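Structure assessment
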Amino acid sequence: MLPSSNLHSVAKQHTWRLLFGLCLTFVTLRPAAYGQTPKDLNLETGEEIFQATCAGCHGPDGKGQPQHILGFEPPATFPDFTDCNGSTRESHLQWSSVIHDGGAKARAFSEIMPSFGPAENPLLTDQEIEKVIGYLRSFCVEDKKWPSGEFNFARPMFTEKSFPEDEMVLINTFNATGTPGVTQNLVIEKRFGPITNMEFRFRGGFQQLPSGTWVGTVGDTSIEFKRSLYVNNKTGTLLAFGNEATIPNGNPKRGSNGIFIWESFLSLAQVLPKKSFLQAQMGAEAPPFHRHQTQTEFYARAAFGKFFSASKGFGRTWTLANELVGTRSFGRGQAWTLDVVPYMQVTVSRRQHMRLGLGVNIPAVNVQSRQTQVIMYMLWDVFDGGLTEGWR
């Protein structure tokens, strides 16, 4: 006889298999249960395929069937496709991977979501999956107001993203040349509605004094408000405007200049062919109350990159990109500085809500007294799951 712990494990496995089988056979794939596919039934449109193969679980209106019809309790991640806040955030690739490989295998969601496109015995062809995704997008009736998840590019090292996020990012910058030191930034981003975003940035770090002693410091705090000005999901264009206030609450002797800074900027995101993108930003920083102590500074930044996904496009995602950062102070005789920042980002969790970024900031023009720096960040997409979720 098996120990009680093993019996519980076996019972749990059989329960999952039973629920999965019921959903697959009697609800989710009614045509397939009789050996028929959408092609056999002459189903051509995304709506027809959805109603025949998906509506049993997800409901004819995309809101999900009531529990007494499903016969099981829906998992916490069960989607409501009419909820624009959830359905518009994910990219086309994320949707396709879950439908193709199933919830658990693709993105560590519930096993209740079956695989529709396994290579050995596909229930839906790639073309049919594309049609279903197109129909799923239509459940959000205000989709033109909500930026698509296609704009959620890999985070650059300096260029502000246009896409409104719910993220936490821990950034570490190490001096590779010059005075040894490391700066740390904790960035918390919160989205409000379809086009509004707020960011809170807390700075700190460690630096080595001429004596060789290392000291820690707390830097200034920034608060940013960002809002989309123009959203076109068809052309892949997103334009945003933002303002940021930097509050001089840090130590003036160790990193803070003790001056209130106001920043305004425009940020552009453009989806490009072949899984590539352009993210650009231009703006100015000014000391409104201390003009005699520091100058207004203009900057222009741009990041161009391309992403690659393993496992036929459904696995771990790698992004390779290059960023240019130009800065110039207003005033006669001032010159531009230019930095080149090659960087990469890789998803580290199966759900792809945890991502690691690594880059090098290399001064290229007017390099005097400026240091080469290594930058590393860990990004957590809070909306997609907790720290311990989505790994396997």
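The numbering scheme is per chain: residues are counted from 1 as the chain's sequence reads. Two thresholds apply to this predicted model, a pLDDT of at least 70 for residue-level local features and 80 or more for giving and counting side-chain atom pairs, whereas whole-chain, interface and lining totals are computed over all residues. Hydrogens and waters are ignored; side-chain quantities use all the structure's heavy atoms.

**Quick look at the pattern of salt bridges**
Here, a salt bridge means any side-chain nitrogen of Lys or Arg that lies within 4 Å of a carboxyl oxygen of Asp or Glu. Considering all chains together, one arrives at 12 salt bridges under this definition. Aspartate 339 serves as the salt-bridge partner of arginine 370, at 2.3 Å between the closest nitrogen and oxygen. Pair noted here: arginine 370 is in the loop between β11 (354-365) and β12 (373-381) and aspartate 339 is in strand β10 (residues 337-347), with a separation of 31 residues, a long-range link. To sort residues, take the accessible area from a 1.4 Å probe on protein chains only and compare it with the maximum for the residue type: under 20% means buried, over 50% means exposed, and anything in between is partly exposed. Relative accessible area serves as the criterion here: at 25%, arginine 370 is assigned to the partly exposed category. Through salt bridges with shared partners, a single network forms among Glu160, Lys161, Glu165, Glu167 and Lys226. Put simply, DSSP marks the helices as runs of H or I at least four residues long and the strands as runs of E at least two long, and each gets a number from the N terminus on.

**Describing the confidence of the model for the protein**
Close inspection of predicted coordinates is inappropriate for parts of the model with low pLDDT. Looking at the protein, pLDDT values average 87 and 88% of them are 70 or higher. Contacts from residues 1-35, a stretch scored under 50 in pLDDT, to residues over four places away or in other chains number 42 contacts. Known as pLDDT, the predictor's per-residue confidence is scaled from 0 to 100. The contact criterion used throughout is that any non-hydrogen atoms of two residues lie within 4.5 Å.

**Focus on unusual backbone geometry**
The phi dihedral of lysine 275 is positive, around 60 degrees, even though this residue is not glycine. Along the chain, lysine 275 falls in the loop between β6 (261-272) and β7 (276-286). With phi around 70 degrees, glutamine 352 is a residue other than glycine that occupies positive phi space. Relative to the helices and strands, glutamine 352 resides in the loop between β10 and β11.

**A few points about the environment of methionine 157**
Within the fold, methionine 157 resides in the loop between α9 (126-137) and β1 (167-175). Measuring from C-alpha to C-alpha, the distance between methionine 157 and asparagine 322 comes to 9.8 Å, with 165 residues separating the pair along the chain. Excluding residues within four positions of it along the chain, methionine 157 makes contact with Glu323, Val341, Tyr343, Gly357, Leu358, Gly359, Ile375 and Tyr377.

**Quick word on the packing of helix α7 (residues 92-101) against α9**
Close contact between α7 and α9 brings their axes to 10 Å; oriented N to C, the two are set at 125 degrees. Relative to α9, α7 is oriented oblique. The crossing of α7 and α9 is right-handed. Seen from α7, the contacting residues are His92, Trp95, Ser96, Ile99 and His100; seen from α9, they are Asp126, Ile129, Glu130, Val132, Ile133, Leu136 and Arg137. Note on residue categories: nonpolar means Ala, Val, Leu, Ile, Met, Phe, Trp, Tyr, Cys or Pro, charged means Asp, Glu, Lys or Arg, and polar means any other residue, Gly included. Classifying every residue of the contact of α7 with α9 gives six nonpolar, three polar and three charged. In this description, a line fitted to the C-alpha atoms serves as the axis of each element, helices being fitted only across the stretch in contact, and the angle between N-to-C directions of two axes falls anywhere from 0 to 180 degrees. Each angle is binned into one of four classes, with values under 35 degrees roughly parallel, values over 145 roughly antiparallel, values of 65 to 115 roughly perpendicular, and all other values oblique. For a crossing to be left-handed, the near helix must be turned anticlockwise from the far one by less than a right angle; the clockwise case is right-handed.

**Considerations on the pairing of β6**
Any two strands are treated as partners once DSSP identifies two or more bridges connecting them. When strand β5 (residues 237-247) meets β6, the two strands line up antiparallel, connected through 10 bridges. Residue alanine 245 lies in a different strand from β6, and its bridge partner there is tryptophan 262. For β6 and β7, the ladder comprises 11 bridges, and the chain directions are antiparallel. Within β7, the residue paired with valine 271 across the bridge is phenylalanine 277. The hairpin formed by β6 and β7 contains three residues between the paired strands, and lysine 274 there has a positive phi angle of roughly 60 degrees.

**Digging into the nonpolar core**
One recurring pattern in soluble globular proteins is that nonpolar side chains are buried together. Grouped together as the largest cluster of nonpolar side chains are 18 residues, with contacts concentrated most on Phe151, Met157, Val169, Ile171, Tyr343 and Tyr377. Contributing elements (two or more residues each) for this core: β1, β9 (317-329), β10 and β12. Sort the elements by how many residues they give to this core and β12 lands first, with three residues. Ala52, Trp95, Leu124 and Leu136 belong to the second-largest nonpolar core, a separate cluster that totals 17 residues. Take the buried residues of types Ala, Val, Leu, Ile, Met, Phe, Trp, Tyr and Cys, join any two whose side-chain atoms come within 4.5 Å, and each joined set is a nonpolar core.

**Considering the state of the cysteines**
Counting rule for disulfides: a pair of cysteine sulfur atoms within 2.5 Å. Taken as a whole, this structure holds one disulfide when the rule is applied. With its sulfur 2.0 Å from that of its partner, cysteine 84 forms a disulfide with cysteine 140. Measuring handedness by torsion sign, the sulfur bridge of cysteine 84 and cysteine 140 sits at about 110 degrees and is right-handed. You can see cysteine 84 sitting in helix α6 (residues 84-87) and its partner cysteine 140 sitting in the loop between α9 and β1, a full 56 residues away along the chain. Using a relative accessible area of 9% as the deciding quantity, one classes cysteine 84 as buried. Here cysteine 140 falls in the buried class, since its relative accessible area comes to 2%. You can see cysteine 54 has no disulfide; the closest cysteine sulfur is in cysteine 57, sitting 9.0 Å from it.

**Quick word on the sheet that holds β6**
Ordered by their spatial adjacency, 12 strands build a closed barrel running β1-β2-β3-β4-β5-β6-β7-β8-β9-β10-β11-β12, and the pairing between neighbours is antiparallel. Strand-to-strand, the axes of this sheet are offset by a mean angle of 20 degrees, without reference to chain direction. Taken together, the 11 bridges between strand β4 (residues 214-232) and β5 define a ladder with antiparallel strand orientation. What sits directly across from glutamate 224, in β5, is glutamate 244.

**Points about the environment of proline 75**
Along the polypeptide, proline 75 turns up in the loop between α5 (67-70) and α6. Along the primary structure proline 75 and serine 110 are separated by 35 residues, whereas in three dimensions their C-alpha atoms are 6.7 Å apart.

**Observations concerning α9**
Helices are assigned an expected span. That span is 1.5 Å times one less than the residue count. Taking 1.5 Å as the rise per residue, α9 with 12 residues should run 16 Å; its terminal C-alpha atoms sit 17 Å apart, in good agreement. Of the residues making up α9, those classed as buried are Glu128, Ile129, Val132, Ile133, Tyr135 and Leu136. The arc that holds every buried residue of α9, seen down its axis, measures 160 degrees, which confines them to one face. Contacts from the buried residues of α9 go to α3 (46-53) and α7. Arc definition: it is the arc formed by the directions from the helix axis to the C-beta atoms.

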